[in-house]
Amino acid sequence: MQYPLREKIGHPDLLVGREQEFRQFRKWLDNIPKRLSKSRAILARRKSGKTAFVQRLFNQLWSNHGAVIPFYFDFAESNIWYPQLAVKYYRTFASQYISFLERDERLVDNPLSLEDIRQYGVTHSNPVLVADVDALHHDRDIRFYNLMWKRACSAPHRVASYFDQRFVVILDEFQYITKFVY
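Below is a summary of the structure that appears in this document.

Side note on the overall build of the protein
Okay, step 1: Of regular secondary structure, the protein possesses nine helices and two strands.
Okay, step 2: Its helices and strands in sequence order give the protein the pattern α-α-β-α-α-α-α-α-α-β-α, from N to C terminus.
Okay, step 3: Overall, the protein is about 50 × 35 × 30 Å in size when its C-alpha atoms are taken along their principal axes.
Okay, step 4: Across the 182 residues in the protein, those meeting the buried criterion constitute 43%.
Okay, step 5: Just so you have it, the protein exposes about 10,700 Å², and 51% of that area is on carbon and sulfur atoms.
Okay, step 6: Charged side chains in the protein number 27 positive and 20 negative. The centres of these two groups are separated by 6 Å.

This is the structure:
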């Protein structure tokens, strides 16, 4: 198995156990291409291994290169301006998507610039990426920051619809969106 997403737990061998939880989630993931899975949330006390678990799920899905494309985003415990969050979110999504398609694990932790994402879209006949980057720039220029966020957070759904693909969107530390985004 490859580990394109550097797991916060440290060395991958440090994550042990959780076999039952992984089996349950694999069944859930197997139903995503059939559109039978619904959203899930993992709730537990702090320092109980939630992040390590979802990062491992990402790495397994990425390595398997199957029908479900993983997208992992970690909401940082630091202040971020709303339009910057939109761009960061979108760059992370598009880079991980391109990483999955091209099998280039370097892009998982090193997001491409908006310009590089747009160029990839032009070169690989992906009109969704091109339109998204153009819209993000346009909406930023006219200060329509809500539209920037809407474009960014809907990207996995729109790409999935356009190309008939399936994504699992993993949002880690989601509670920080209400505390640190301004």
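Alright, that's what it looks like, and here's the rest.
A word on the pairing of strand S2 (residues 166-172)
Okay, step 1: Summarising burial for S2: five of the seven residues are buried, a large majority.
Okay, step 2: In this structure, strand S1 (residues 68-74) lies alongside S2, joined through seven bridges in parallel fashion. When the sheet's bridge partners are listed, valine 68 is paired in S2 with arginine 166.

A closer look at the nonpolar core
Side chains of nonpolar character tend, in soluble globular proteins, to be buried together.
Okay, step 1: Core analysis: the biggest nonpolar cluster contains 51 residues, and Tyr90, Phe93 and Val168 have the highest contact counts within it.
Okay, step 2: In terms of residue count, the dominant contributor to this core is helix H3 (residues 82-102) (10 residues).

Observations concerning unusual backbone geometry
Okay, step 1: Of note in this structure, aspartate 164 is not a glycine but carries a positive phi near 50 degrees.
Okay, step 2: Residues other than glycine seldom take positive phi values, yet glutamate 173 does so here, at roughly 60 degrees.
Okay, step 3: Looking at the element boundaries, glutamate 173 is found in the loop between S2 and helix H9 (177-180).
Okay, step 4: The exposure class of glutamate 173 is partly exposed, given its relative accessible area of 25%.

Observations concerning the packing of H3 against helix H6 (residues 127-141)
Okay, step 1: Where H3 meets H6, the axes come as close as 12 Å, and the angle between the chain directions of the two elements is 165 degrees. With respect to their mutual orientation, H3 and H6 come out roughly antiparallel. As H3 packs across H6, the resulting crossing turns out to be left-handed. Seen from H3, the contacting residues are Tyr90, Ala94 and Ile98; seen from H6, they are Val128, Leu129, Asp132, Val133 and Leu136.
Okay, step 2: Here the residues of the contact of H3 with H6 sort into seven nonpolar, no polar and one charged.

Concerning helix H7 (residues 145-153)
Okay, step 1: Of the positions making up H7, those classed as buried are Met148, Trp149 and Ala152. Buried residues in H7, looked at end-on, bunch into an arc of 95 degrees, giving them a common side. Facing away from the buried surface of H7 by more than 90 degrees, the exposed residues are Asn146 and Lys150.

Quick notes on the pattern of salt bridges
When charged atoms on two side chains of opposite charge get close, those side chains can pair.
Okay, step 1: Per the counting criterion, the structure on display carries seven salt bridges.
Okay, step 2: With a closest N to O distance of 2.8 Å, glutamate 7 and arginine 56 form a salt bridge. Placement of glutamate 7 in the segment before helix H1 (19-30) and of arginine 56 in helix H2 (residues 50-64) is noted, with a sequence separation of 49 residues between them.
Okay, step 3: Here arginine 106 and aspartate 104 are joined by a salt bridge, their closest N and O atoms 2.9 Å apart.

Focus on the packing of helix H5 (residues 114-123) against H6
Okay, step 1: For the pair H5 and H6, the least separation of the axes is 7 Å and the interaxial angle reads 150 degrees. When the interaxial angle is binned, H5 and H6 end up roughly antiparallel. Relative to H6, the crossing made by H5 is left-handed. Judged by residue contacts, Leu114, Glu115, Ile117, Arg118, Tyr120, Gly121 and Val122 of H5 engage Leu129, Val130, Val133, Asp134, Leu136 and His137 from H6.
Okay, step 2: Tallied by class, the residues present in the contact of H5 with H6 amount to eight nonpolar, two polar and three charged.

How each quantity is defined
Residues numbered from 1 in each chain as written. Predicted model: local features only at pLDDT ≥ 70, side-chain atom pairs only at ≥ 80, totals over all residues. Heavy atoms only, no water. Helix = DSSP H or I, 4+ residues; strand = E, 2+ residues; numbered from the N terminus. Buried < 20%, exposed > 50% of the residue type's maximum accessible area, 1.4 Å probe, protein only. Areas by Shrake-Rupley, 256 points an atom, 1.4 Å probe, with all protein chains shown as cover. Lys, Arg positive; Asp, Glu negative; His and termini not counted. Charge placed at Lys NZ, Arg CZ, Asp CG, Glu CD. Pairing = 2+ DSSP bridges. Core = buried A, V, L, I, M, F, W, Y, C linked by side-chain atoms within 4.5 Å. Axes fitted to C-alpha atoms, helices over the stretch in contact; angles between N-to-C directions. Parallel < 35°, antiparallel > 145°, perpendicular 65-115°, else oblique. Left-handed = near helix turned anticlockwise from the far one by under 90°. Contact = heavy atoms within 4.5 Å. Nonpolar A, V, L, I, M, F, W, Y, C, P; charged D, E, K, R; others polar. Arc of directions from axis to C-beta. Salt bridge = Lys/Arg side-chain N within 4 Å of Asp/Glu carboxyl O.

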